[in-house]
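Descriptive analysis of the structure
Here are the chains, one letter per residue:
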Amino acid sequence: MAFPGNSFVRTWRHWRRGSDLAVPLHSTTVEDTNRRFLLYGVLPMWVVPAVSDWWMHKRTRIEHTSGVKESAVHALMMTEAGIPVAMGLLAKINPLVLSVMGGAAVAHGATALYDVSLATAEREVRPLEQHIHSFLEVLPLSALAFTACLHADEARALLRGGRGPRDWKLLPKDNPLPAKYLAALGAVICAGVLLPYGEEMSRCLRARRSAPAS
């Protein structure tokens, strides 16, 4: 009898068929420095403003103001950021992945504008929260810029419309990122993004259920 987990393991092994990418900690070459800052700086750093923003929502009692509607917008923005990040971490960087990253960054920026418009009409949005938003809005563009610099040949191919069908397919990396790094980053994202914002949505749903009928 085949178990679903066996299929997942086979797929995971296929996508990790190459040797792990080495990310030297002491190298000063431009490529290694950029990759190190992207992996150990930009991506983990995303969690800090995310948690700070969640705390500001909690302080201004989002569950009793904009409530579920704004919390759902936050979940949408996390999806817009999470899909290209997952693709960049797991898949070969090619014109398809860069296109998704660029499109997601634009969509994230537009959703963030709507989020602020919604929030300011329903609750107090303090200057500190606005400043936190500026970090959250620029990070997708920063991640895209660093990725494009590290894969300049793929960025050029995208600007020229691609070199062939493989440029528009989701492919495994030739040298996948170390599994330990992916696991650690996943744990950080779960603890610093999924859990806080899941708690926020849960709090908003409870408040809506307990609100007196108008």
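Predicted model, so just to flag it, every value in this text is computed and none were measured. (Residues numbered from 1 in each chain as written. Predicted model: local features only at pLDDT ≥ 70, side-chain atom pairs only at ≥ 80, totals over all residues. Heavy atoms only, no water.)

Counting its secondary structure elements, the protein contains eight helices and zero strands. Reading the protein from its N terminus to its C terminus gives the helix and strand order α-α-α-α-α-α-α-α. If one aligns the C-alpha atoms of the protein with their principal axes, the spans along those axes are about 60 × 50 × 35 Å. Looking at the protein as a whole, 40% of its 214 residues are labelled buried. (Helix = DSSP H or I, 4+ residues; strand = E, 2+ residues; numbered from the N terminus. Buried < 20%, exposed > 50% of the residue type's maximum accessible area, 1.4 Å probe, protein only.)

Another point: the environment of phenylalanine 37. You can see phenylalanine 37 is positioned in helix H2 (residues 30–45). In sequence terms phenylalanine 37 and phenylalanine 146 are 109 residues apart; their C-alpha atoms lie 8.9 Å from each other. When sequence neighbours within four positions are dropped, the list of residues in contact with phenylalanine 37 reads Val42, Met45 and Phe146. (Contact = heavy atoms within 4.5 Å.)

Let's shift gears to the environment of phenylalanine 146. Within the secondary structure layout, phenylalanine 146 lies in helix H6 (residues 127–150). It is 25 Å that separates the C-alpha atoms of phenylalanine 146 and arginine 17, two residues lying 129 residues apart in sequence. Residue contacts for phenylalanine 146: discarding those within four places in its chain leaves Asn34, Phe37, Leu38 and Val42.

On to the pattern of salt bridges. Tallying each qualifying case throughout the model produces 10 salt bridges. Among the salt bridges present, the one from glutamate 129 reaches arginine 123, with a minimum N-O distance of 2.8 Å. Assessed through its relative accessible area of 0%, glutamate 129 is described here as buried. Linking glutamate 154 and arginine 163 is a salt bridge whose minimum nitrogen-to-oxygen distance equals 2.5 Å. Judged by relative accessible area, glutamate 154 falls into the buried class, the value being 6%. When its relative accessible area of 52% is taken as the criterion, arginine 163 is described as exposed. (Salt bridge = Lys/Arg side-chain N within 4 Å of Asp/Glu carboxyl O.)

Another point: the packing of helix H4 (residues 67–90) against helix H5 (residues 95–122). Helix-helix packing is characterised by the crossing angle of the two axes and by the distance between the axes. Two elements in contact, H4 and H5, have axes whose closest approach is 9 Å; the angle formed by their N-to-C orientations is 165°. Viewed along their axes, H4 and H5 adopt a mutual orientation that is roughly antiparallel. Remark: the crossing between H4 and H5 carries left-handed chirality. Touching Lys69, Glu70, Val73, His74, Leu76, Met77, Glu80, Ala81, Pro84, Met87 and Gly88 of H4 are Val97, Val100, Met101, Ala104, Ala107, His108, Thr111, Ala112, Tyr114, Asp115, Leu118 and Ala119, all from H5. Taken together, the residues that form the contact of H4 with H5 break down as 15 nonpolar, four polar and four charged. (Axes fitted to C-alpha atoms, helices over the stretch in contact; angles between N-to-C directions. Parallel < 35°, antiparallel > 145°, perpendicular 65-115°, else oblique. Left-handed = near helix turned anticlockwise from the far one by under 90°. Nonpolar A, V, L, I, M, F, W, Y, C, P; charged D, E, K, R; others polar.)

If you add up the space inside the largest pocket, you get close to 720 Å³. Along the wall of the largest pocket there are 30 residues; nearest its centre are Met78, Ala81, Gly82, Ile189 and Val193. Contributions of two or more residues to the lining of the largest pocket are made by helix H3 (47–59), H4, H5, H6 and helix H8 (179–210). No other element matches the nine residues that H4 contributes to the lining of the largest pocket. Residue composition of the lining of the largest pocket, by class: 22 nonpolar, five polar and three charged. Its volume calculated, the second largest pocket comes out at about 600 Å³. The wall of the second largest pocket is formed by 31 residues, among which Gly88, Ile93, Thr147, His151 and Lys173 lie closest to the centre. (1 Å grid on protein atoms, 1.4 Å probe; cavity = no way out; pocket = protein on both sides within 12 Å on 5 of 7 lines; lining within 4 Å. Points joined across faces, edges and corners; volume = space filled by probe spheres on them.)

Packing of H3 against H6 leaves a shortest axis separation of 9 Å and a crossing angle of 145°. Helix-helix and strand crossings are classified by hand; for H3 and H6 the assignment is left-handed. Touching Pro49, Ala50, Ser52, Asp53, Met56 and His57 of H3 are Leu128, Glu129, Ile132, His133, Phe135, Leu136 and Leu139, all from H6.

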